[in-house]
Amino acid sequence: VSWSSFTISDGTNTADASEGAVSSDDNPITCADGIAPVLTLEAATDEDITEAFVRIQVGEAAEGEDPVYLTDRVKVSGGNINWSISLPGGYAVVQVDTNEDLDGVGESLPIEFCQPEELPPQELWVNTTWDMDDTDIDTHVTELGSMQEIAYYSSSRDWGSLDIDVIYGYGPENVKSADDGYSSDAGYEVKIHYYSDHGNGATDTTVRVVYVDPTTNEVCDIIATQTMSATGDWWTVGTFGPGFICPE
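Residues numbered from 1 in each chain as written. Predicted model: local features only at pLDDT ≥ 70, side-chain atom pairs only at ≥ 80, totals over all residues. Heavy atoms only, no water.

1. Brief notes about the sheet that holds strand S15 (residues 188–196)
Working step 1: Strand order across the open sheet formed by 4 strands is S11-S10-S15-S18, with antiparallel pairing between neighbours. Each edge of the sheet is formed by a strand with only one pairing partner; in this case those strands are strand S11 (148–150) and strand S18 (234–240). Along the sheet, successive strands turn relative to each other by an average axial angle of 25°, direction set aside.
Working step 2: Note that strand S10 (residues 136–143) and S15 share 8 bridges and pair antiparallel. Bridge pairing in S15 places isoleucine 137 opposite tyrosine 194. (Pairing = 2+ DSSP bridges. Helix = DSSP H or I, 4+ residues; strand = E, 2+ residues; numbered from the N terminus. Axes fitted to C-alpha atoms, helices over the stretch in contact; angles between N-to-C directions.)

Written out as structure tokens, the structure is:
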């Protein structure tokens, strides 16, 4: 399987890996002014492919360890992908793939963003995906000082925002704290709600949280998966902030 095209655009500039890998130095989408909250990913492959995967490496691999990837399932129609993605800022590498395995088969050329030493510009990034189509999972993030919540019904606060409320399958949904130097002394609670299964039953939900402690620049980066059984289920992923232990 080959990818005849693979691009990511911020609405003004486009990184094109259709014929060659795009490095940070060559990417016209720069980190100087912050990456747009929502990017458009487009790709083309064989017409008989009905689903694919977007693989995002966030941050540079720790010494002696393999990179940590986030894999989002995406829909393919007529061999084409048109998908909205969100990056936390800081170093990231994005590829599309025809399967979930890192086996060198079905993978596109990569697009690299920012430099390895660059941290995300905001404290918190929460990415939520799930594996059952036609289901609605919601991300809820509460800033514990103000007790204000970001969710589908309150998608923007002074301290952060939700990019897209995905109501019919897979996600991703992304919540980011503000990237203008804002920091929360109290921290954030991250919870997931199974808003509606539309009669389709359980879905495995995966959440990635990247939290940068502004007092130490230490990064808490976790990926957790839980089966959400039916409409109404809640899952408390964890609390992230100064003084909190990074959940395992």
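2. Considerations on the pattern of salt bridges
Working step 1: The tally for this structure, following the rule as stated, stands at 4 salt bridges.
Working step 2: Between arginine 73 and glutamate 51 there is a salt bridge whose closest N-O contact spans 2.8 Å. Taken as a pair, arginine 73 in strand S5 (residues 69–75) and glutamate 51 in strand S4 (residues 51–58) lie far apart in primary sequence, 22 residues in all.
Working step 3: With a relative accessible area of 30%, glutamate 51 lands in the partly exposed category.
Working step 4: A salt bridge links aspartate 133 to lysine 75, with the nearest nitrogen and oxygen atoms 3.2 Å apart. In this pair, aspartate 133 is assigned in the loop between strand S9 (124–130) and S10 and lysine 75 in strand S5, connecting sequence segments 58 residues apart.
Working step 5: For lysine 75, a relative accessible area of 35% corresponds to the partly exposed category. (Salt bridge = Lys/Arg side-chain N within 4 Å of Asp/Glu carboxyl O. Buried < 20%, exposed > 50% of the residue type's maximum accessible area, 1.4 Å probe, protein only.)

3. A short note on a nonpolar patch on the surface
Working step 1: A cluster of nonpolar side chains, contributed by Tyr152, Tyr153 and Tyr195, occupies part of the molecular surface with about 330 Å² of accessible area.
Working step 2: Its place among the elements puts tyrosine 195 in strand S15. (Patch = residues over 30% accessible without salt bridge, like charges linked within 9 Å, V, L, I, M, F, W, Y side chains within 5 Å. Areas by Shrake-Rupley, 256 points an atom, 1.4 Å probe, with all protein chains shown as cover.)

4. Description of the environment of aspartate 133
Working step 1: What makes aspartate 133 partly exposed here is its relative accessible area of 31%.
Working step 2: Linking aspartate 133 and glycine 171, residues 38 residues apart in sequence, is a C-alpha distance of 9.4 Å.
Working step 3: In this structure, aspartate 133 is in contact with Lys75, Tyr168, Gly169, Tyr170 and Asn200, ignoring residues within four places of it in sequence.
Working step 4: There is a polar contact of 3.2 Å between the side chain of aspartate 133 and the side chain of lysine 75. (Contact = heavy atoms within 4.5 Å. Polar contact = N/O pair within 3.5 Å; in protein donor to acceptor, adjacent residues only side chain to side chain.)

5. Some remarks on the nonpolar core
Working step 1: In this structure, Phe6, Ile8, Leu41, Ile81, Val94, Ile111 and Phe113 are the most contacted members of the largest nonpolar core, which totals 31 residues.
Working step 2: Every element with two or more residues in this core is listed here: strand S1 (5–9), strand S3 (39–44), S4, S5, strand S6 (80–85), strand S7 (92–97) and strand S8 (111–113).
Working step 3: Contact partners of isoleucine 111, with chain neighbours within four places excluded, come to Phe6, Thr7, Ile8, Ala15, Ala17, Val22, Asn27, Ala92, Val93 and Val94.
Working step 4: Counting 23 residues, the second largest nonpolar core, distinct from the first, contains Tyr188, Val207, Cys220 and Met228. (Core = buried A, V, L, I, M, F, W, Y, C linked by side-chain atoms within 4.5 Å.)

6. Description of the state of the cysteines
Working step 1: Counted under the stated rule, the structure contains 2 disulfides.
Working step 2: Residue pairing for cysteine 31: its cysteine sulfur links by disulfide to cysteine 114, the two sulfurs lying 1.5 Å apart. Because the torsion about its S-S bond is -80°, the bridge between cysteine 31 and cysteine 114 counts as left-handed. Linking cysteine 31 in the loop between strand S2 (14–16) and S3 with cysteine 114 in the loop between S8 and S9, this pair joins segments that are 83 residues apart in sequence.
Working step 3: Its relative accessible area of 6% is what places cysteine 114 among the buried residues.
Working step 4: Residue cysteine 220 pairs covalently with cysteine 246 via a disulfide, S to S 1.9 Å. Taking the torsion about the sulfur-sulfur bond, which here is approximately 75°, the covalent link between cysteine 220 and cysteine 246 counts as right-handed. (Disulfide = S-S within 2.5 Å.)

7. A word on the layout of surface pockets
Working step 1: Space inside the largest pocket adds up to approximately 380 Å³.
Working step 2: Lining of the largest pocket is provided by 24 residues; of these, Val58, Gly59, Glu60, Val219 and Asp221 occupy positions nearest its centre.
Working step 3: Secondary structure elements with two or more residues in the lining of the largest pocket: S4, strand S16 (203–212) and strand S17 (219–228).
Working step 4: Among the residues making up the lining of the largest pocket, the classes are represented as 13 nonpolar, 4 polar and 7 charged. (1 Å grid on protein atoms, 1.4 Å probe; cavity = no way out; pocket = protein on both sides within 12 Å on 5 of 7 lines; lining within 4 Å. Points joined across faces, edges and corners; volume = space filled by probe spheres on them. Nonpolar A, V, L, I, M, F, W, Y, C, P; charged D, E, K, R; others polar.)

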